[in-house]
Every structure is written in C-alpha cells, then in structure tokens.
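# Analysis of the macromolecular model
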Amino acid sequence: MNTTISNFASDNTVGVHPEILNAIISVNNGSAVAYGEDEYTKKADKKFQEHFGKNAEAFFVFNGTAANVIGLMGLTESFHSVICADIAHINSSECNAVERFTGCKLLTVPSADGKITVDQVKENMHVLGEQHHAQPKVISITQPTELGIVYTPKEIKTLADFAHKHNMFLHMDGARLANAAVKLGVKLRETTVDAGVDVLSFGGTKNGIMYGEAVVFFDKKLSRNFKYVRKQGMQLASKMRYISTQFIALLSNDLWHKNAEHANKMAKYLEKRLKEIPKIKLTQRVETNGVFATVPPRCISLINKKYFIYTWNEKISEVRLMTSFDTKKEDIDNFADYLKKVVN
Ligand SMILES: Cc1ncc(COP(=O)(O)O)c(C=O)c1O
C-alpha cells in the first residue's frame, strides 16, 4: 500500500465536501426518471441559469476530459482545427482524446503561463479557405490556465471577438473556473458568457464534488443537437440525479465560492512558507490554487518518500503543488517543515 501523503499532488486527491455528500444521500430516496429527465436535473439546470443567465444549458458528463472532448465535438467537424496553448490540458494531458473523437487537429501556440493572445492565434489563420489545411474553428482557452494564471474578462472578450469575427467559437476549459472567479472577484458569468465564451467545460471535481462535470452552452442554436452528441459520446448517465444534485449543492449557498476561496488562500500560504526556503524558487505567480516551484533535483525523490507530488518539468526540476477546499494550514506547515529538512 502507498503510505505517502498526497495532499498537494492535486486538487482531486482530496475527498468529497460533506455538503456534496449529503446532497447525494438526499436524492437516494426511491426511484426517479432516468437519463436526466428527473426533477433534480431540472433544478440543476435552473441553478446554472441563475449563475450564467437564462440561455445557459448544462449537460452533465462523467469527467473533465469528456466535457472538453464532447464540448468540442459539438462545435466542430472533422476537417476543423482547434487553436490552444501548447500546455493546454486538451493538448498535453488527454491522451489525444480530442484529436481521436473530434477528428480535429490541435494547433498549438507556445505559452509561458498558459495564456494565449490574438496575435498568436492570427499566425494560424492564413490557412482559412485552403482545402489542403484543417480549418480553424475553435479557440480553446483554460481558465485559470494549467499554471494557475487567470485571464481577465477583457482578455477573454478580445479572443472571443476575434473568434466570432472569423466565424469561429471560443471554448473554455473551466476545470477550475471557480478559483479564477474568486481571484478576479467576479461572478462566474463575468469571466464566461459575458466575455463571449460559447461553450464552457465547468469543473466540479476539483472544487469538492465526487464526480461529474458540465458542458455549458450559452446559445440554444449551438446546443440544438448536443443531446445526441452526448449520448453518442457515451456520456449520458442513466442515474443522472447523482451528478445533478452535486451541482445544485455546489452552486447553492456560495459553496463553489467558499471552497475555491479557501483553496486559493491556502495556496498563498503555501507560497509564503516556500519563500522561507532559499533553495526553492517559485516559477509562477500564485493567482489561484496552484504553486509551481523548482527544487534541487536530488530532492524530488526524497520528497516523494513522504509526500506524493507531481514533477511538472523534469528538465528544470519543477514541481506542481495544488491546494484544495480541504487543505489545512497545519498540513502546509508540516509539509514546509519537511521540505526545509529535505532541501538543506
Ligand atoms: C485544466 C484541466 N482540464 C481538464 C481536466 C480533466 O479532468 P478529468 O481528469 O476529470 O478528465 C483536468 C484534470 O486534471 C485539468 O486540470
């Protein structure tokens, strides 16, 4: 059995928030219509409309990779391309699922913090109308980026306006959208639909739910055929109520906000503690719930003896540390004290 501590490996190593678990238990009361035709899923849909506006339509799926893949399937044909950052999760960590299931080519642009700009997107546009080339159809951004950095609503709007001007769409991977909204001090809609996002992968797993994510459309014309895409994509849960009830709880009583706020706060505290260790160098600004730092190369295996953490960039001995709704200050203190010993 692996006895290492995995508190900081990811924000999905922690358990389920008690309010979410209670919500699951509360719907476990006899039968309900299957495949999302139940009263809980209807209520969950209303919750999404409360947060994202009356045109929002949420389609629940099993995980974040599926949300990205079928969300993009809903926007593209197989001769299209999707422009994204080189470190975008869809490019680096989804085992080519997007390419396989959409048939689209991913056109990547280099990014130091995970953000992309219109100027970078423009470099891929000269192929428009050329039958020999995959046709750019979607710009996909991650909010916050895989390095924990946020796009401002204005930056998103600039990308959305460019996409729409070229008959393209803006997709957002919002696996940690709540953490970005907390950092920006804005409502969920301000960094998504109001900024011009067409389709959103809305994450819950990293913010306290057990499983399930949502593909959110903001335009009924675009979502017209999406229920078929989801079914064909094998993402239509028959016992849907167990996913939808979790989103009702997450989007009620500010739970999404409280959880993300705590995770972000803990990341700042972790940053502070790491700064006390001269041999550890932070490599990114800490804006949300990820902390990136280089450690002396010989130390990674020593750290991993007690704490399971991911090496982000082996070449520079950079590690990624994540905090969550469940991170405690004393966990950070224990971890920082251990790091101090190991690196010195
Ligand atoms: C930015 C981002 N998008 C999508 C995903 C995919 O989520 P899942 O592991 O549920 O497929 C992750 C998971 O780590 C992620 O970090």
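Reading guide: rules and limits
Residues numbered from 1 in each chain as written. Predicted model: local features only at pLDDT ≥ 70, side-chain atom pairs only at ≥ 80, totals over all residues. Near = placed C-beta within 6 Å. Helix = DSSP H or I, 4+ residues; strand = E, 2+ residues; numbered from the N terminus. Nonpolar A, V, L, I, M, F, W, Y, C, P; charged D, E, K, R; others polar. Pairing = 2+ DSSP bridges. Contact = placed C-beta atoms within 7 Å. Axes fitted to C-alpha atoms, helices over the stretch in contact; angles between N-to-C directions. Buried ≥ 20, exposed ≤ 12 C-beta atoms within 10 Å, placed from the backbone. Parallel < 35°, antiparallel > 145°, perpendicular 65-115°, else oblique. Left-handed = near helix turned anticlockwise from the far one by under 90°. Domains from an automatic or database assignment. Right-handed = clockwise from strand over helix to strand, strands pointing away.

## Describing the site of the ligand
- Taken together, Asn63, Gly64, Thr65, Asn68, His89, Thr142, Glu146, Asp173, Ala175 and Thr205 make up all the residues around the ligand.
- For the shell around the ligand, the leading source of residues is helix H3 (residues 64-73), giving three residues.
- For the shell around the ligand, the per-class residue count stands at one nonpolar, seven polar and two charged.

## What about the sheet that holds strand E11 (residues 318-322)?
- With respect to topology, four strands assemble into an open sheet ordered E8-E9-E11-E10, the strand pairing being antiparallel. A strand with exactly one partner marks an edge of an open sheet, and here the two such strands are strand E8 (281-282) and strand E10 (310-313).
- Two elements, E8 and strand E9 (residues 290-294), share two bridges in a ladder whose sense is antiparallel. Bridge assignment links lysine 281 to a residue of E9, and that residue is threonine 294.
- The sheet contacts of helix H12 (residues 255-275) involve E8, E9 and E11, and relative to E9 the element is tilted by about 20°.

## What to know about the sheet that holds strand E3 (residues 105-109)
- Ordered by their spatial adjacency, seven strands build an open sheet running E1-E7-E6-E5-E4-E2-E3, and the pairing between neighbours is mixed. For this open sheet the edge positions go to strand E1 (57-61) and E3, each flanked by a neighbour on one side alone. Strand-to-strand twist of the sheet, defined as the mean angle between neighbouring strand axes without regard to direction, takes the value 25°.
- Two elements, strand E5 (residues 169-174) and strand E6 (residues 199-202), share four bridges in a ladder whose sense is parallel. Bridge assignment links aspartate 173 to a residue of E6, and that residue is serine 201.
- Along the sheet face, helix H7 (residues 153-165) touches strand E4 (135-142) and E5 and points at about 140° away from the line of E5.

## A closer look at the pairing of strand E2 (residues 80-85)
- Within E2, five of the six residues are buried, which leaves it mostly tucked inside the rest of the structure.
- By the bridge criterion, four bridges tie E2 to E4 in an arrangement that is parallel. Opposite isoleucine 83, over in E4, you have isoleucine 139 as the bridge partner.
- Judged from the five bridges that link them, E2 and E3 form a sheet pairing that is parallel. Following the sheet pairing, cysteine 84 is matched in E3 by threonine 108.

## A few points about the packing of H12 against helix H14 (residues 329-343)
- Remark: H12 packs on H14, axes separated minimally by 10 Å, with the N-to-C direction vectors making an angle of 25°. Classified by the angle between their axes, H12 and H14 sit roughly parallel to one another. Considering only the axes of H12 and H14, their crossing is right-handed. Listed contacts from H14 to Met266, Tyr269, Leu270, Arg273 and Leu274 of H12 are Lys329, Ile332 and Ala336.
- When the residues that make up the contact of H12 with H14 are grouped by side-chain class, the tally is six nonpolar, no polar and two charged.

## Comments concerning the domain arrangement of the protein chain
- Taken domain by domain, the protein chain comprises domain 1 (18-250) and domain 2 (255-343).
- Using C-alpha coordinates to define each centre, domain 1 is positioned 28 Å away from domain 2.
- Every contact between the two is made by 17 residues of domain 1 and, on the other side, 17 residues of domain 2.
- Sorting the residues of the side of domain 1 that touches domain 2 by element identifies helix H8 (177-184) and helix H11 (241-250) as the ones contributing at least two each.
- When residues of the side of domain 1 that touches domain 2 are assigned to their parent elements, the largest contribution, five residues, is made by H8.
- A class-by-class count of the residues in the side of domain 1 that touches domain 2 yields nine nonpolar, four polar and four charged.

## Re the packing of helix H1 (residues 18-26) against H11
- One way to put it is that H1 packs onto H11 with a least axis distance of 8 Å and a crossing angle of 135°. Accordingly, the angle class assigned to the pair H1 and H11 is oblique. In this structure, H1 meets H11 at a crossing whose hand is right-handed. The residues of H11 that touch H1, namely those facing Glu19, Ile20, Ala23, Ile24 and Ser26, are Tyr242, Thr245, Gln246, Ile248, Ala249 and Leu250.
- When its residues are assigned to classes, the contact of H1 with H11 shows seven nonpolar, three polar and one charged.

## Thoughts on the environment of glycine 74
- Structurally, glycine 74 is set in the loop between H3 and E2.
- Separated by 151 residues in sequence, glycine 74 and asparagine 225 place their C-alpha atoms 7.7 Å apart.

## Section: unusual backbone geometry
- Note that the residue after glutamine 143, namely proline 144, is joined by a cis bond; omega there is -10°.
- Take proline 144: it is sitting in the loop between E4 and H7.
- Look at aspartate 254: it is not a glycine, yet its phi comes out positive at around 60°.
- For aspartate 254, the location among the structural elements is in the loop between H11 and H12.

## With respect to the pairing of E6
- Across the two faces of E6 the burial is the same, with Val199 and Ser201 and Leu200 and Phe202 all buried.
- The parallel pair E5 and E6 is bridged by H8, and the resulting crossover is right-handed.
- Where E6 and strand E7 (residues 213-217) come together, four bridges link them in antiparallel fashion. What sits directly across from leucine 200, in E7, is valine 216.

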